[in-house]
Amino acid sequence: MLSSLQSHEEEEEPTTNPTTTSFIPTTPSQFLIPTSASPRQILMRCAELMHHGDRPMALRIASFLISAVSPIGDSSDRVVYHFAQALTRLIESSNAASSPSTSMNKCGTQLVQPSYLAFNQITPFLRFAHLTANQAILEAIDGHRGVHIIDMDTAHGFQWPPLLQAIAVHGYRGDGSPPSVRITGAGTDVNALRRTADRLHAFARSLGLPFQFNPLYLHSYNLGSSLMQLHQSSSSTEKGEVLIVNCVLFLHKLLYGDRDERQLHDFLSTVRAMGPAVVTIAERELGVASAPQDFFRVFSESLEYYTAIFEALEATVQPNSVERREVEERWLGEEIKESLVPAGGTRGAGGMRFERWDVIMRENGFTPRRLSEYSLSQARLLLRLHYPSEGYQLHVSKEGLFLGWQARALFSVSSWQ
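Residue positions are given per chain, counting from 1 as you read along its sequence in written order. Residues qualify for local features only when their pLDDT is at least 70, as the model is predicted, and side-chain atom pairs are given and counted only at 80 or more; totals for whole chains, interfaces and linings, by contrast, use all residues. Values shown for side chains rest on all heavy atoms present in the structure; no hydrogens or waters enter the calculation.

Trainee: Any details on the overall build of the chain? Residues and values, ideally.
Mentor: Helix and strand definitions follow DSSP, with helices as H or I runs of at least four residues and strands as E runs of at least two, each counted in order from the N terminus. Each helix and strand counted, the chain has 13 helices and eight strands in total. Residues counted as buried form 55% of the 417 residues belonging to the chain. Here a residue-residue contact requires only that any non-hydrogen atoms of the pair lie within 4.5 Å. Looking at the chain alone, contacts between residues at least 24 apart form 76% of all its contacts between residues at least 6 apart. Just so you have it, the chain exposes about 17,400 Å², and 51% of that area is on carbon and sulfur atoms. Three labels apply to residues, based on accessible area from a 1.4 Å probe with only protein chains included: buried if under 20% of the type maximum, exposed if over 50%, partly exposed otherwise in between. Working definition of accessibility: Shrake-Rupley area with a 1.4 Å probe, residue cover restricted to the visible protein chains.

Trainee: Residue-level account of the packing of aromatic side chains, with values.
Mentor: Pairing of aromatic rings covers Phe, Tyr and Trp, the last through its six-membered ring, and needs centres within 6.5 Å; plane angles under 30 degrees mean stacked, over 60 mean edge-to-face, and all others mean tilted. Taken as a whole, this structure holds 13 aromatic pairs when the rule is applied. Between F125 and Y392, the ring centres sit 5.9 Å apart and the planes meet at 75°, which makes this aromatic pair edge-to-face. Of this pair, F125 sits in helix 5 (residues 125-141) while Y392 sits in strand 6 (residues 392-396); the two residues are 267 residues apart in sequence, bridging distant segments of the chain. Here Y392 falls in the buried class, since its relative accessible area comes to 6%. Lysine NZ or arginine CZ positioned within 6 Å of the ring centre and within 35 degrees of the ring normal marks a charge as sitting over the ring. Between the NZ or CZ atom of R272 and the centre of the ring of F366, over which it lies, the distance is 5.6 Å.

Trainee: Tell me about helix 6 (residues 160-170), and name the residues and values.
Mentor: Three or more residues of helix 6 are buried, namely W160, L163, L164, A166 and I167. Mapping the buried residues of helix 6 onto a view down its axis gives an arc of 160°, with all of them on the same face. Where the residues of helix 6 are buried, they touch helix 5, strand 1 (146-151), strand 2 (180-187), helix 7 (190-207), strand 3 (211-217) and strand 4 (241-248). Our arc is simply the arc of the directions from the helix axis toward the C-beta atoms.

Trainee: How would you sum up the side chain of D151? Please name residues and give values.
Mentor: Relative to the helices and strands, D151 resides in strand 1. Once you skip the residues sitting within four places of it in the chain, D151 turns out to touch W160, I183, T184, G185, A186 and N246.

Trainee: Any details on helix 13 (residues 373-386)? Residues and values, ideally.
Mentor: Here helix 13 is 14 residues long and its end C-alpha atoms lie 20 Å apart, about the 20 Å a rise of 1.5 Å per residue gives. The set of residues buried in helix 13 consists of S375, L376, Q378, A379, L382 and L383. Down the axis of helix 13, the smallest arc covering the buried residues is 160°, so these residues share one side. Of the exposed residues in helix 13, the ones pointing more than 90 degrees away from its buried face are E373, R384 and L385. Those residues of helix 13 that are buried lie in contact with helix 5, strand 6 and strand 7 (400-405). For a helix, the expected span equals 1.5 Å multiplied by the residue count minus one.

Trainee: Could you give an account of the sheet that holds strand 2, with specific residues and numbers?
Mentor: Strands were regarded as paired on the criterion that DSSP finds at least two bridges between them. Taken together, eight strands build an open sheet; the order of strands is 3-2-1-4-5-8-7-6 and the sheet is mixed. A strand with exactly one partner marks an edge of an open sheet, and here the two such strands are strand 3 and strand 6. When strand polarity is set aside, the average angle formed by the axes of neighbouring strands in this sheet is 15°. As defined by bridge partners, strand 4 adjoins strand 5 (residues 278-284) across five bridges and the pair is classed as parallel. Directly across from N246, in strand 5, lies its bridge partner T280. Throughout, an axis means a line fitted to C-alpha atoms (over the contacting stretch in the case of helices), and angles, computed between N-to-C directions, take values from 0 to 180 degrees. Where helix 5 meets the sheet, it contacts strand 1, strand 4, strand 5, strand 6, strand 7 and strand 8 (408-416), and its direction lies at approximately 160° from that of strand 4.

Trainee: Outline the pairing of strand 8, listing residues and values.
Mentor: Within strand 8, eight of the nine residues are buried, leaving the element largely enclosed by the surrounding structure. Pairing geometry for strand 5 and strand 8, over six bridges, is antiparallel. Looking at strand 8, one finds that I281 is bridged to S414. Sheet topology note: the strand 7/strand 8 ladder contains six bridges and is antiparallel. Across the sheet, G400 pairs through a bridge with S414, a residue of strand 8.

Trainee: So, the confidence of the model for the chain: which residues are in play, and what are the values?
Mentor: Detailed reading of the predicted coordinates is not advisable wherever pLDDT falls low. Per-chain confidence: the chain averages 83 in pLDDT, with 79% of residues scoring 70 or above. Note that pLDDT drops below 50 for residues 1-30; the model gives that stretch 51 contacts with residues more than four away or on any other chain. By definition, pLDDT measures how confident the predictor is in each residue, and it falls between 0 and 100. Per-residue pLDDT stays below 50 along residues 98-112; that stretch engages in 33 contacts with residues further than four places along the chain or on separate chains.

Trainee: Residues and numbers for the packing of helix 9 (residues 262-274) against helix 12 (residues 354-363), please.
Mentor: Two numbers describe how helix 9 lies on helix 12: the axes approach to 10 Å, and their chain directions differ by 50°. With respect to helix 12, the element helix 9 is oriented oblique. Considering how the two elements wind past one another, helix 9 and helix 12 form a crossing that is right-handed. When helix 9 is examined against helix 12, the residues L264, H265 and L268 are found in contact with a partner set consisting of W357, I360, M361 and E363. Under the grouping applied here, Gly and all other residues not named as nonpolar or charged are polar, the nonpolar ones being Ala, Val, Leu, Ile, Met, Phe, Trp, Tyr, Cys and Pro and the charged ones Asp, Glu, Lys and Arg. Residues that form the contact of helix 9 with helix 12 fall into these classes: five nonpolar, one polar and one charged. Here the word oblique covers every angle except those under 35 degrees (roughly parallel), over 145 (roughly antiparallel) and from 65 to 115 (roughly perpendicular). Handedness of a crossing follows from how the near helix is turned relative to the far one, being left-handed for an anticlockwise turn of less than a right angle and right-handed for a clockwise one.

Trainee: Run through the packing of helix 5 against helix 6, naming residues and quoting values.
Mentor: Across the interface, helix 5 lies against helix 6 with an axial gap of 10 Å and an inter-helix angle of 35°. The hand of the helix 5/helix 6 crossing is right-handed. Only W160, P162, L163, A166 and I167 of helix 6 make contact with helix 5, whose side of the interface consists of N134, I137, L138 and I141. Residue composition of the contact of helix 5 with helix 6, by class: eight nonpolar, one polar and no charged.

Trainee: Give a description of the environment of R272 that names residues and reports values.
Mentor: Relative to the assigned elements, R272 resides in helix 9. Spatially, the C-alpha atom of R272 lies 10.0 Å from that of M361, the residues being 89 residues apart in sequence.

Structural data, given as structure tokens:
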């Protein structure tokens, strides 16, 4: 299939049988690709070349794959296509001696906002994260006069209307009246924060709910001096208010740059000093490259992860769905590229699996707060009513709740105190 791409290696005598597959070869001479190789096998060869620094050949193979597989084919073709696109963009931007991505704040731009909306509609992952985190918040505020929520990545604020409605309907104060709600919403797009504030104020007024929204503008996810600003936000919590810190799809953004995990620990130390009743965390079950030498390992894990997501879309969304294509091209395509950027680049879509988050939270003085049976029941109801497929699987542990496709966990939600 790729005989034309092997010409540059024919000068050396291969040391392996070209009909066999040997991942992470020890020498460049082993990069022969059998003519019977599948697109996925060819993609893995391309990742091997990247791992060993042969970017020109990796670019040739990735370009070939883009022309050979279809972005509207079956799930295996589509995921290979988007990984080949990601590799091409990564190599080209690296060759240009620029950052792998000039803007990865997907949720803050008008360009990709429809893909965010579509992703929220046709997959259960964001709604699962919001619903489960909200239930932990509701249980923490029961009986208090008010609640102050510091939301570290507000984006469009889609998490909060269901919470506001639940508070307005059920009360949660001892006398049955609703507590006041104050949200400090953080983000890197000041215009998006303003639009979110307007929408949430209007919705709260329609419910007759006492509500405030205070934007907390972050210049970047290199928090630096913003940690002091964050601490000051918590100091404004009033008597009778319960303080909540919400970190839905946020903590992984602190892993990028040249700080390793230092910024993450600094942030958690600041949060710990604020004394919140609950810290809610939702993250992808996906690792991130901490150094260039981790590239092949992270590539393999990312391919496994997004293969499961594309298979879920294949099984649950109509093949001619405009929304599915929008999600795959503009949302998942960007996530895939970002998941391959090693620490030292800009923030991305990767992170760590729950086992590592669990260790880090405990190291910073937090203990897990068990999610209630009602949280599990709500998640099951969400899947049954809106995403009825046997492929989506829920798993509960003492520390958190996991949503995945088949046997692969994809998202986790946990609550800490």
